[in-house]
Amino acid sequence: MKILSAKVLLPILGAALVVGATSGKTVTVKGSDTMVIMAQRWAEAYMAKHPGAVIQVTGGGSGVGLSALVNGSTDIANASRPMKSSEMNQLKERYGSLGVEIKTAKDGITLYVNEHNPVNELTLEQLREIYTGKITNWNQVGGSNSKIILYGRENSSGTFAYFRDNVLKGKDYAPSCQHMPGTAAVVNAVSKDKNGIGYGGAAYAKGVKEIAVKKDAATPGVKPNAQTIKNGTYPISRYLYMYLRNRPSGEAKQFIDWVLSPEGQAIAVKVGYFPAK
Amino acid sequence: MKKSYALALAIAALTGTVRAQEAADSASEPVAAQSQSEQIDALKGKIDGVEESYLDTKSTVDKLSSIKVGGMIQARYEYALDTGILDSKSMSLQNRFRIRRGRIKVGHESSLGDITAQIQYAEDGIKLIDMYGSFYDPWKFVKVRLGAQDIPFGYEIGYSSSSMELAERSLFEQSVFNGEKDVGAVFFLNYNEGIFEHVDLKLGVMNGSMNVVGLPIIGNTGNGASASEFDDGKAFLGRLGFKAPVKDANFEIDGGVSGYYATYLSQSDAVIDFSKQLSNTNAAYKSTGNLKGDLKKQIFGADLQTYFSLLPIGGTVLRGEFYMGNNVCISGNKVYTPYSYGVTTTTKTDSVTNASGKKVAVVTSATTSDAKAVNTPYIKPMMGWYATLIQNLGDDFQIVGRFEQFDPNTEVTGDDVGKVANTSADDIAYTQISAGVNYFLSGNVKLTVEYDHKMNETSASLKNVDPRKDYSGDINNDLLTLQLQYKF
């Protein structure tokens, strides 16, 4: 038994150790559409500073990125929501790992309406009732007598999940909500639809009007900006994450260290987000 | 002078040309503007059409995405170090190819429920091993699942066969809960808020008949293999689990405690009771007068899993499980079932004269189903445990080691096994060390190389019971397994 097991197992273990310790220079980053522009800017700036390094960035949504992390088709998953316990269980089963979470930036989920819409602020309760279909007309929240047209993100999106869990308190979106393939598509739809309302990252708020959000009827409305998101007065803010299977090493570690450096964080601010710390 | 004249003429000509062009442009401007506007309208219409088509397609895709289809095959080559260790239909084998598991799983999920059916091909035929429907609240905090499903006991029973790091589950599980399935109702509580965030609870009421729920489709369709319950006794079982993550340290301890309590109606007057739970058990562990009496299977389990992501080469997992209690089984430590059904083949040889005038022997055979025979129940105090260490090496390799022990009858040990009445090789305890390497060729394909060193308890009373199984010493029954798994 000893002879056979040593003959069979030792070469395999040796090969495993050699291959396992080897890592390539290309780092793949996949996931959150909210983060994709920021991640591309990071990759471009990093590659310009580190000739020879290749950082490949693609979107698809937080769920897609985390799924790719589990099945091994990406090195880093971008996510605009924390990893779910079911996703962590998959990592535990396949890699014996809890995943490594890195907070890369902060974001305020911005509510957009068409620039001709007279409504300027909404409470969290009103937003919940609008998106769950309880409030269906703008005149119920101080606007004109017209039907509210809902735009949201696809269910693979971290923004979709974050908004559902934190604004809708886990309730389902109204069936009439149109789920768009990206935040840019939401902004585009709202800019063309005078009765539309949508949500997405602050970085995309171009050509539409931002709504001030009130925690409740008694508190003043707050718009998302660096100060209100940093001091927590804007009620719908969140972290933007990078997830890895294991502790980063090699090129991935250098890239993440650079993302968290003042230089990387300055790019996050330039794109429209806020520093993680 | 001539030059100035020529230049003036040229300027005049050019000016005239420009004016003529401007006039022509101003005349065609409304036409061009109209044309551009039409083109924009046409493009807008096309975009709207594409958007409408996209939403229509998306609606269809969303419906299709609620249908889940999966499957796997585990193709295996096994090599035993000593001839005759692998028994297949009483044949002695030293090596063999096997399809250990071939499965297709189909399900559908909606916001308030799901349904799942899973078919398995293995050496005992094609069976429907899972057939259940689940019903839950919109947040999936509470779920009730009805049908044929995994029993909610311990850790490894609910662990996916395709994710297992070693080819087989522990010796305890293979004997006491062989098949891992039963028919019944299981309640799940997975409320991820407040103090319940790190706690989960599963409680089940099931038939308790375990692997006789085989639901045969093709093969193994004898009278005994049926999905129906065989008595009114039920199994009450469950697991209370916890998770204790230390997030900043990338460390987590998970665990749980499990209990299983089932009663079976004895169809046999005699019961071999090593647990002495029946009052009239005598020195030979034989109890009589038990017809229609209750047989109690009571098992307690505790499990622990620790996860470390300390090494940059990959995650480390240390996992352990312990079980003890009284098992109710039949001969061979098989899961209890009250009756056995046999098949008898009788042959007859006749001497007949053929066309050439020669006498030849003609063999005819006939197969008959025997009437059901009552199984003698055994009640055995038993104990089992295992500890598994898994180290991932990068994303593609994994090395695994497991140490385990299983004693199917803790009441009788050593040379008493085989000497005391009603004991046999079924009561021999085992210790097994398994070592393996997994290579993930892709997200779908896994290659496993595993070596199992199995050591048996020795008993001089079981010397040469079977020429291939001399329990007076350690039987050389080590096994090398090569397995290729494809799953989707």
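What you are looking at is a predicted structure, and each value in this text was computed from that prediction instead of being measured.

Engineer: What exactly am I supposed to notice about the overall build of chain A here?
Structural biologist: When you go through chain A residue by residue, the secondary structure sums to 10 helices and 12 strands. Classification of the 277 residues of chain A by burial places 54% in the buried group. Only carbon and sulfur atoms are counted for the fraction: they give 54% of the accessible area of chain A, which is about 11700 Å².

Engineer: Mind showing me how you'd approach the interface of chain B and chain A here?
Structural biologist: Interface size is commonly expressed as the accessible surface area that is lost when the partners come together. Contacts between the two partners involve 45 residues from chain B and, on the opposite side, 37 residues from chain A. Both faces combined, the contact of chain B with chain A buries some 3300 Å², and carbon together with sulfur accounts for 58% of it. Applying the counting criterion to the chain B and chain A interface returns 3 salt bridges. Between D395(B) and R245(A) there is a salt bridge, and its shortest N-O distance comes to 2.7 Å. Counting every contact that joins chain B to chain A gives 9 residue pairs in polar contact (both at pLDDT 80 or more). Elements represented by at least two residues in the side of chain B that touches chain A include exactly helix 1 (2–65), strand 12 (251–265), strand 15 (294–308), strand 16 (316–330), strand 22 (378–393), strand 23 (397–407), strand 24 (430–440) and strand 25 (445–456) of chain B. Among the elements that take part in the side of chain B that touches chain A, helix 1 of chain B stands out by supplying 4 residues, more than any other.

Engineer: Is there a simple way to think about the environment of G293(B) in this case?
Structural biologist: Residues and elements named next belong to chain B. Counting through the fold element by element, G293 comes out in the loop between strand 14 (286–287) and strand 15. Separated by 24 residues in sequence, G293 and D269 have C-alpha atoms that sit 8.6 Å apart. Look past the residues within four positions of G293 in its chain and what remains in contact with it is Y264, L265 and S266.

Engineer: I'm lost on helix 3 (residues 62–71) of chain A in this one. Help?
Structural biologist: The α-helix advances 3.6 residues per turn, and as a result positions three or four apart in sequence lie on the same side. Residue and element names in this part refer to chain A. Taken together, the buried positions of helix 3 are occupied by S62, G65, L66, A68, L69 and V70. Contacts made by the buried residues of helix 3 are with strand 1 (26–31), strand 3 (76–79), helix 4 (85–95), helix 6 (158–166) and strand 11 (237–244). Just downstream of helix 3 lies G72, where phi reads positive at about 85 degrees.

Engineer: Honestly, the packing of helix 3 of chain A against helix 4 of chain A in this entry has me stumped. Any pointers?
Structural biologist: The axes of two packed helices give the description: the angle between them and the distance between them. Residues and elements named next belong to chain A. Taken N-terminus to C-terminus, the directions of helix 3 and helix 4 make an angle of 15 degrees; their axes are 9 Å apart at the nearest point. By the angle between their axes, helix 3 is roughly parallel relative to helix 4. The chirality of how helix 3 crosses helix 4 is left-handed. Of helix 4, the residues touching helix 3 (which contributes G63, L66, L69, V70 and N71) are E87, Q90, L91, R94 and Y95.

Engineer: How should the packing of aromatic side chains be read in this particular structure?
Structural biologist: For any pair of aromatic rings, geometry is given as the distance between the ring centres together with the angle between the planes. The final tally for this structure, using the stated rule, is 25 aromatic pairs over all chains. A centroid spacing of 4.7 Å and a plane angle of 35 degrees characterise the contact between F274(B) and Y285(B), whose relative ring orientation is tilted. Taken as a pair, F274(B) in the loop between strand 13 (271–273) and strand 14 and Y285(B) in the loop between strand 13 and strand 14 lie far apart in primary sequence, 11 residues in all. On the basis of relative accessibility, which here comes to 11%, the residue Y285(B) falls in the buried class. Taken together, the ring pairs in this structure connect F153(B), F172(B), F177(B), Y260(B), Y323(B) and F406(B) into an aromatic cluster. Above the ring of Y307(B), the side-chain terminus of K92(A) is found at 4.9 Å from the ring centroid. Positioned above the aromatic ring of Y132(B) is the side chain of R145(B), whose terminal nitrogen or guanidinium carbon lies 4.2 Å from the ring centre.

Engineer: Help me understand the pattern of salt bridges, please; the structure alone is not making it clear to me.
Structural biologist: A side chain with one charge can pair with a side chain of the opposite charge if their charged atoms come near. All names here are of chain A. In total, this model carries 30 salt bridges over all chains according to the counting rule given. D107 serves as the salt-bridge partner of R238, at 2.9 Å between the closest nitrogen and oxygen. On the criterion of sequence distance, the pair formed by R238 in strand 11 and D107 in strand 4 (residues 100–113) is long-range, its members being 131 residues apart. Here R238 and D107 have matching classes, each one buried.

Calculation notes
Residues numbered from 1 in each chain as written. Chains lettered and ligands numbered in written order. Predicted model: local features only at pLDDT ≥ 70, side-chain atom pairs only at ≥ 80, totals over all residues. Heavy atoms only, no water. Helix = DSSP H or I, 4+ residues; strand = E, 2+ residues; numbered from the N terminus. Buried < 20%, exposed > 50% of the residue type's maximum accessible area, 1.4 Å probe, protein only. Areas by Shrake-Rupley, 256 points an atom, 1.4 Å probe, with all protein chains shown as cover. Contact = heavy atoms within 4.5 Å. Buried area = accessible area lost by both parts, 1.4 Å probe. Salt bridge = Lys/Arg side-chain N within 4 Å of Asp/Glu carboxyl O. Polar contact = N/O pair within 3.5 Å; in protein donor to acceptor, adjacent residues only side chain to side chain. Axes fitted to C-alpha atoms, helices over the stretch in contact; angles between N-to-C directions. Parallel < 35°, antiparallel > 145°, perpendicular 65-115°, else oblique. Left-handed = near helix turned anticlockwise from the far one by under 90°. Phe/Tyr/Trp six-rings, centres within 6.5 Å; stacked < 30°, edge-to-face > 60°. Lys NZ or Arg CZ within 6 Å of the ring centre and 35° of its normal.

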